[in-house]
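Analysis of the macromolecular model
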Amino acid sequence: MAQDGRYAKLLRRPSQKAFPDFSANLDESKEALSKPILVVGAGGLGCELLKDLALVGFTNIHVIDGDEVDVTNLNRQFLFRADDVGQPKSTVAAKFVMKRVPACKITSYCCWIQDMVEKDSNFYRQFSIIVLGLDSIKARRWMNSHLVGLVAYDERGDLIPSSVIPMLDGGTEGWKGSVRAFVPKVAACFECAIDMFPPAEKFQECTMKTNPRQPEHCIAWAKTMAWTEEWPFGKDVSIDTDKPEHMTWLFEKAKEHAAKFNIEGVTYKKTMGVVKNIIPAIASTNAMCAAATANEAFKFVTRSSLPLNNWMMFNSGTGAHTYTYEHERNPECPTCAGKPVSVTVDGEQTLETFINEFLREDSRLMFGSVLNIRHQQSSKSIYWPKFAKKRTAENMPKKMNELISDGDSLLVKDRDSMDQNSSGLELTVHFA
Amino acid sequence: MAAPVGYKAQTIAEQAADPTIRYDRQTRLWGANAQRLLMSARVCLVNATAAGAEALKNLVLPGFKAFTILDAATVSELDTGTNFFVLPDSMGQPRAKVVSELLQELNPLVEGAFVNDDPAELIQDPERIKFFSAFQAVIATDLSERVTRTLASFLAAQSIPLFVVRANGLVASLRVQAPDMTIVEQKLDHTFPDLRLNDPWPQLKEFIEANHHLRPDLSSEEYTHTPFVCILAKEWERFTAEHGTDGPKGVFMKQVRTCCTASGVIDSFQEAGAKCMLLWSVPKVPANVQALFDAEESNISADSPLFWIFVRAMKDFTESHEGYLPLPGSLPDMTTTNRVYLALQRVFNEKAAADRAAMCDIVNGHLKSLGREELAPSDEQLKLFCKNSREVTAIRVRSLEDEYASSKEQGERINEKLMEGETSIAWYLAMRAEERFHTKYNRHAGADDSQVETDLPMLKEECTALLSELSLPAETVPDEMLHELCRFGGGHLHTMAAFIGGATAQEVIKVIGGPVFQPLNNTFVYNGIESAGVQFEA
C-alpha cells in the first residue's frame with residue numbers, strides 16, 4: 001500500500017540504532033501499532049498527540065479528558081471550532097481525527113483518569129504505552145504511581161515484562177517544553193525527579209492583606225480572602241472562573257484594594273491570569289512537544305529506533321535550545337524504590353481522616369482511591385471495604401493509635417489485587 | 001457594578017472572532033505589539049509537504065494575516081498518510097489547493113490562497129521569481145540545493161526572511177536566513193536586575209540610609225521588613241571599608257549569612273543571602289551592548305535607523321555617566337512594607353526618567369545635526385529602548401551563499417560545537433552530504449531497499465569531499481550515521497514533520513513579531529533517535 005511509504009523504510013530496514021529485538025518486519029510492526037494505546041488529555045498537547053499518533057500509524061487510540069471546549073482554546077487546540085465550545089474535548093477531538101485518518105479508531109472517555117479505575121480497576125493494563133498531555137503535576141503523579149503499582153514479579157522475584165507499561169510525559173509552558181520517558185521499575189519514574197519542580201507560588205496572608213506591593217498580591221487577596229469574607233454571590237458559592245460576573249467582582253475588589261495602597265497595574269486581563277492561574281500557551285510549542293513525544297511512542301512500540309534516554313527539555317525563547325540527558329532513578333523514591341516511606345502523623349486522628357486527608361494530601365503519597373491497608377505487624381487488613389466491610393466500618397472511627405503502635409508498618413494499596421506480588425506502598429508510621 | 005474594559009456580552013462566535021479573546025493565551029507570551037505585527041504579515045509556503053503544512057498550521061492558528069501555498073504536486077497516497085491537511089478523497093487534486101483550504105478552515109480570521117505552479121520553474125525565472133516580493137516571510141521545503149540557493153539569493157536581496165525546512169526519516173533541520181536584525185525586547189529572564197547596590201546614586205543612597213537594618217532604635221516591624229536591597233548595600237559598605245572592592249567574595253557572603261542567622265529566619269534577610277551576587281555579577285555594560293557600541297553602524301549617518309541612533313546616543317551617555325547605561329528602572333518584588341516598596345519604586349522610576357531625559361537630549365542632538373526631526377521626550381520607542389538598555393542586541397545572519405562556500409572558518413565553527421560535546425552537529429554534515437548526493441544522482445540515498453547498502457560508499461564519498469573542504473577530519477561523521485541516512489531513504493515521518501514544523505513557526509513568529517525574544521541564528525538540527533538537537537551558525 002503506497003500509504004505505507006510513510007514508515008515502510010524505517011520498519012523494513014534493519015539498523016544498529018534500533019532496539020536489539022527489532023525484527024525489521026513491516027507486518028509485525030503494523031501488528032504492534034494496532035494494539036491499544038492511551039492518550040491522557042485532549043487539550044493543547046492532546047490534540048497534537050492524537051494527530052501525530054494517528055498519522056504515524058497507530059490504529060487503536062483511546063483518549064481521556066473530562067474538560068469542555070472553551071473559546072480561548074481555539075488559538076492552538078486545532079481540532080475544535082467555535083461551534084464546539086461547551087462540548088466534551090475528548091469526543092470532538094476523536095471525531096475530527098477519525099474523519100481525517102479513517103484507518104485510525106479512537107475511543108474517547110469524558111472523565112478523569114482516577115475515575116477509570118472506579119469503573120474497572122484493570123482499565124490501564126490493556127495499553128502498550130501511555131502518553132500524557134496533562135497540565136497538572138498531581139495527575140501525573142497519580143498516573144505514575146498507578147503504573148508503578150501495576151508492575152508484577154514472578155515467583156523468582158523477576159520483573160514480568162508484560163506488566164511494565166511505559167509512560168511518556170509531555171509538558172509545555174510558553175516557549176518551554178519537555179518530553180520525558182518513564183519505564184516503571186526499570187528506569188526513573190516521575191516521582192524520582194519530583195524535586196525538579198519549583199513549589200507553586202503562594203503569597204503570605206499578611207502580604208496580600210496589609211502589605212501588598214504588586215498588583216498580583218491584590219488580586220490574590222480578592223480571590224483567597226475577600227471572597228470568603230463577603231460571599232458576594234451567596235454563602236458558600238465558590239468562584240466560577242467562567243462566570244464574567246464573578247471575575248468582574250474580583251477585578252473591582254482587587255482594584256479597590258490596590259488603590260488603598262497606591263499600587264498600579266490591576267487590569268481585568270491580569271486578574272484573569274492570576275485567578276485562573278493562566279499559563280501562556282501557543283500552538284508551536286505544543287506541536288514540538290507532542291511530536292517528540294509521539295515519536296518516542298512510535299519508536300518504542302515498533303522497536304525501530306532507540307528511545308529517548310530519558311529527558312529532553314527545549315526552550316524556543318532562546319534560539320532553538322534543546323537539552324537531553326538521563327535522569328537517574330532515585331534510590332529513595334517513595335513510589336518506585338520499594339523501600340518503606342517514613343511518615344509522621346497525629347496519632348489521635350481517626351482512620352477515616354488518615355485515609356481521606358493524610359493519604360490523599362501528603363505530597364509524597366497522594367493516593368487516589370485507597371482499596372486496602374494492611375497492618376504488617378498483625379498481618380491483617382485494617383481497611384478493606386471490598387472484602388472486609390464489617391471490620392472496615394468498625395475501624396474507620398477508631399484513632400490511629402488505637403489501631404497500630406508507633407513505628408508500625410502499613411502497606412497501602414490503591415488498586416484491587418489479591419496478588420501478593422503486586423506492589424503497594426509501605427509506610428512506617430510514627431506518631432507526632 | 002460596571003463591567004471592565006474589554007468585557008462585553010458577546011456570543012461565542014463573536015468571541016471566537018475577537019482577536020483579544022481568541023489570541024489571549026499567546027499575547028500573554030509575546031505581547032500585543034508582536035501580535036499586531038503577526039496580524040499584518042503575509043507568508044508564502046513553497047511545497048505543501050507534511051513539514052511545510054505543519055509549519056504553516058502553527059502560523060495560521062496564531063493569526064498571521066495571510067498565506068499562499070506555491071506547489072505543483074497532486075495529492076498522492078503518501079500524502080494522505082503523512083499530511084493532516086489533505087482528505088482521504090483528495091487524491092489526484094492539486095495539493096496546493098487542498099492544503100490551503102484545510103489550513104484556512106483552522107482560522108476564519110486568516111486569508112488563505114494558493115498557486116498551482118512548479119516552484120522550481122518559477123524560482124529559476126528571473127521575472128517570475130518576483131512573485132515572492134509580496135511576502136514578509138517565505139518557508140521552503142523539498143527543493144533541490146540549486147533551487148534553494150537561487151531562492152535564497154533573491155530573498156536576501158529583497159531583505160525577506162527565508163526558512164528552509166528539511167526532513168528525512170528521523171532527522172530534520174531548519175535554516176533561517178534573514179536580513180540584519182536589531183532586537184530591543186529579548187525578554188530575558190531577569191536573574192540579575194540592574195540595582196547598583198555597590199554604587200548607589202545619591203537618591204538611592206539616601207533611601208538606603210533611611211531604611212537599612214543597622215539603624216539604632218528600629219522597631220521589630222521595621223527590622224523584619226528591611227528590604228534586601230538595603231541589607232545588601234549596607235553590608236557591602238561595611239565590607240568594602242575593610243576589604244576594598246576586590247575583597248574575597250566568600251567572606252562577604254559569610255558576613256551576610258551571619259546577618260541572616262542573627263536575624264532568625266526572616267524572609268528579607270534570606271532574600272539578601274540569596275542575592276549577594278548582585279553586588280558583582282552585573283557589569284556596567286553587558287557584552288551584547290558593547291558589541292553594538294563597537295559595531296560599524298554606531299558611526300551614524302543621515303539615513304541610520306533610529307535603533308543605531310539610540311545606540312550611539314547610549315554610547316555617548318556612558319561617557320558622561322561614569323560608564324553606566326540608562327537605568328532600566330525595573331525592580332523585583334521583595335519582602336518589605338507597602339510604603340517602603342513604593343518609596344523605593346519612586347527612587348528607581350525617577351532615576352530612570354532622568355536618564356531617559358538625558359538620553360533624549362543626546363538623541364535629539366544627533367538627530368538635529370543629521371538634519372532629521374527630533375523626538376518628543378515621551379517618545380515610546382525611546383522609552384522601550386531605555387527600559388531594555390541592557391538587552392538591546394543586533395543579529396547578523398550568514399547567508400546561504402556563505403554557508404555553501406564551505407570554508408575553513410565554517411569548519412572551525414563546527415569543530416567548536418563538537419568540542420562542546422554537541423555530537424548532533426555531525427547530522428548537519430551528513431545531511432549536507434546527502435543533499436550533494438541528491439543533486440548528483442537525482443534521488444535520495446537509499447531511496448530503494450536494494451540501494452541501502454550500495455549507496456553507502458557513494459554517500460561516504462560526498463561526505464569525505466565536504467569534510468575536506470571544511471578542513472575537518474574524516475571521522476567527524478561516523479559511518480553508522482551515513483548508513484542510517486541511507487536507511488531513512490528520504491522517507492517522511494509525520495512526527496518529524498510536526499516537530500520541525502513547530503520549530504519553524506516559532507522562528508517565523510520571533511522574526512516577524514519585532515523581532516522579539518532570541519531568533520535562531522541560524523541552523524537547528526534535530527535527530528529523533530536520541531531526541532536531541534543542536535543550534536549553531538552554519
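Above this text sits the structure in question.
Residues numbered from 1 in each chain as written. Chains lettered and ligands numbered in written order. Predicted model: local features only at pLDDT ≥ 70, side-chain atom pairs only at ≥ 80, totals over all residues. Heavy atoms only, no water.

Turning next to the overall build of chain B. A tally of helices and strands in chain B yields 23 helices and ten strands. Expressed along its principal axes, the backbone C-alpha trace of chain B runs to roughly 90 × 60 × 55 Å. By the burial criterion, 55% of the 538 residues in chain B qualify as buried. Long-range contacts, defined as pairs at least 24 residues apart, comprise 68% of the intrachain contacts of chain B with a sequence gap of at least 6. If you sum the accessible surface of chain B, you get close to 21900 Å²; carbon and sulfur atoms cover 52% of it. When the 50 basic and 74 acidic side-chain charges of chain B are each reduced to a single mean position, those positions are 5 Å apart. (Helix = DSSP H or I, 4+ residues; strand = E, 2+ residues; numbered from the N terminus. Buried < 20%, exposed > 50% of the residue type's maximum accessible area, 1.4 Å probe, protein only. Contact = heavy atoms within 4.5 Å. Areas by Shrake-Rupley, 256 points an atom, 1.4 Å probe, with all protein chains shown as cover. Lys, Arg positive; Asp, Glu negative; His and termini not counted. Charge placed at Lys NZ, Arg CZ, Asp CG, Glu CD.)

Moving on: the pairing of strand β5 (residues 167–173) of chain A. All names here are of chain A. Extensive coverage of β5 is indicated by the burial of five of its seven residues. Pairing geometry for strand β4 (residues 130–132) and β5, over three bridges, is parallel. Residue pairing in the sheet places V131 in a bridge with L168 of β5. In this region the chain leaves β4, passes through helix α6 (residues 137–150) and returns to the parallel neighbour β5; the handedness of that crossover is right-handed. From the end of β5 to the start of strand β6 (residues 176–182), which pair antiparallel, there are two residues, and G174 there has a positive phi angle of about 60°. (Pairing = 2+ DSSP bridges. Right-handed = clockwise from strand over helix to strand, strands pointing away.)

Once that is clear, we can look at helix α16 (residues 338–369) of chain B. With 32 residues, α16(B) extends 46 Å between its outermost C-alpha atoms, agreeing within 8% with the 46 Å of an ideal straight helix rising 1.5 Å per residue. Immediately beyond the C-terminal end of α16(B), within one or two residues, lies B:G371, with a positive phi of roughly 70°. (Expected span 1.5 Å × (residues − 1).)

Residues and elements named next belong to chain B. Pairing in this open sheet of eight strands is mixed, and the strands run β3-β2-β1-β4-β5-β6-β9-β10 from one edge to the other. Every interior strand has two partners, whereas the edge strands, β3 (111–115) and β10 (532–536), have only one. Neighbour-to-neighbour, the strand axes of the sheet open up by a mean angle of 15°, direction not taken into account. One ladder, built from five bridges, connects strand β1 (residues 42–46) with strand β2 (residues 66–70); its direction is parallel. Within the sheet, the bridge partner assigned to V46 lies in β2 and is L70. (Axes fitted to C-alpha atoms, helices over the stretch in contact; angles between N-to-C directions.)

Residues and elements named next belong to chain B. Scanning the model with the defined rule gives 57 salt bridges over all chains in all. Close ionic contact of E401 with R149 constitutes a salt bridge, the shortest N to O distance being 3.2 Å. In this pair, E401 is assigned in helix α18 (residues 400–404) and R149 in helix α8 (residues 145–158), connecting sequence segments 252 residues apart. Where E469 meets R436, a salt bridge forms, and the shortest distance between an N and an O atom there is 2.8 Å. Of this pair, E469 sits in helix α21 (residues 451–469) while R436 sits in helix α20 (residues 425–441); the two residues are 33 residues apart in sequence, bridging distant segments of the chain. Exposure remark for E469: the relative accessible area of 37% places this residue in the partly exposed category. The exposure class assigned to R436 is buried, which follows from its relative accessible area of 18%. (Salt bridge = Lys/Arg side-chain N within 4 Å of Asp/Glu carboxyl O.)

So, about the nonpolar core. Counting 154 residues, the largest nonpolar core has A:F58 and A:I61 as its most contacted members. When residues no more than four places from it in sequence are discounted, the contact partners of A:I61 are A:I37, A:V39, A:L50, A:L53, A:A54, A:C104, A:K105, A:I106 and A:T107. If you look at the next biggest cluster of nonpolar residues, it comprises 33 residues, including B:I231, B:C259, B:L331 and B:L344. (Core = buried A, V, L, I, M, F, W, Y, C linked by side-chain atoms within 4.5 Å.)

This brings us to the interface of chain B and chain A. At the interface, 90 residues of chain B touch 87 residues of chain A. Carbon and sulfur atoms supply 57% of the area that chain B and chain A bury against each other, a total of about 7500 Å² over both sides. The largest per-residue losses of area from chain B upon contact with chain A belong to B:R25, B:F84 and B:R487, which jointly make up 12% of the total buried on that side. At the boundary of chain B and chain A, one finds eight salt bridges. The residue B:D449 makes a salt bridge to A:R13 at a minimum N-O spacing of 2.9 Å. The tally of links from chain B across to chain A stands at 48 residue pairs in polar contact (both at pLDDT 80 or more). In terms of residues, the side of chain B that touches chain A owes the most to one element, helix α23 (residues 494–512) of chain B, which gives twelve residues. Taken together, the residues of the side of chain B that touches chain A sort by class into 44 nonpolar, 26 polar and 20 charged. (Buried area = accessible area lost by both parts, 1.4 Å probe. Polar contact = N/O pair within 3.5 Å; in protein donor to acceptor, adjacent residues only side chain to side chain. Nonpolar A, V, L, I, M, F, W, Y, C, P; charged D, E, K, R; others polar.)

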